[in-house]
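Each chain, letter by letter, is given below.
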Amino acid sequence: MPRRARRKLTPEFKARAVKLALEEGKPRAQVAKDLDLTRSALESWVMQAQVDAGQGTGGALTTSEKEELAQPRREVRLL
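Predicted, not measured: the structure shown is a model, and the values here were computed from it. (Residues numbered from 1 in each chain as written. Predicted model: local features only at pLDDT ≥ 70, side-chain atom pairs only at ≥ 80, totals over all residues. Heavy atoms only, no water.)

A. Expanded view of the overall build of the protein. When helices and strands are tallied, the protein shows 4 helices and 0 strands. Taken over the C-alpha trace, the protein has a radius of gyration of 15 Å; the compact-globule value for 79 residues is 12 Å, which it surpasses by more than 25%. For the C-alpha atoms alone, the extent of the protein along its principal axes is close to 45 × 35 × 20 Å. Scored against the burial criterion, the 79 residues of the protein give a buried share of 19%. Considering only intrachain contacts with a sequence separation of at least 6, the fraction spanning at least 24 residues in the protein is 35%. If you sum the accessible surface of the protein, you get close to 6600 Å²; carbon and sulfur atoms cover 55% of it. (Helix = DSSP H or I, 4+ residues; strand = E, 2+ residues; numbered from the N terminus. Rg over C-alpha atoms; globule rule 2.2 N^0.38 Å. Buried < 20%, exposed > 50% of the residue type's maximum accessible area, 1.4 Å probe, protein only. Contact = heavy atoms within 4.5 Å. Areas by Shrake-Rupley, 256 points an atom, 1.4 Å probe, with all protein chains shown as cover.)

B. Layout of unusual backbone geometry. Of note in the backbone geometry, Asp36 takes a positive phi value of approximately 60° without being a glycine. Mapped onto the elements, Asp36 comes out in the loop between helix H2 (28-34) and helix H3 (39-52).

C. Representation of the packing of helix H1 (residues 11-23) against H3 in the model. It is at 9 Å that the axes of H1 and H3 come closest, and there the two elements cross at 85°. The angle between H1 and H3 falls in the class roughly perpendicular. Of the residues in H3, those in contact with Phe13, Lys14, Ala17, Val18, Ala21 and Leu22 of H1 are Leu42, Trp45, Val46, Ala49 and Gln50. Looking at the contact of H1 with H3 residue by residue, the classes come out as 9 nonpolar, 1 polar and 1 charged. (Axes fitted to C-alpha atoms, helices over the stretch in contact; angles between N-to-C directions. Parallel < 35°, antiparallel > 145°, perpendicular 65-115°, else oblique. Nonpolar A, V, L, I, M, F, W, Y, C, P; charged D, E, K, R; others polar.)

Below is the structure:
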């Protein structure tokens, strides 16, 4: 089977997918299938959304904290 081209999904699409997974009451696997996503991708988005909302596991980084760490790494890579 040929490999599918990688898609660039918008933050809005990801937020909508997370909302469906958390509020619809359907299994996450079904939501992922309905949106043509892998279950693991949807699960990682849901976990990140929970961390960003302050409901994640201890020690997990929020999206803004990850961005803060990524910025100096980009700068070092350019040097």
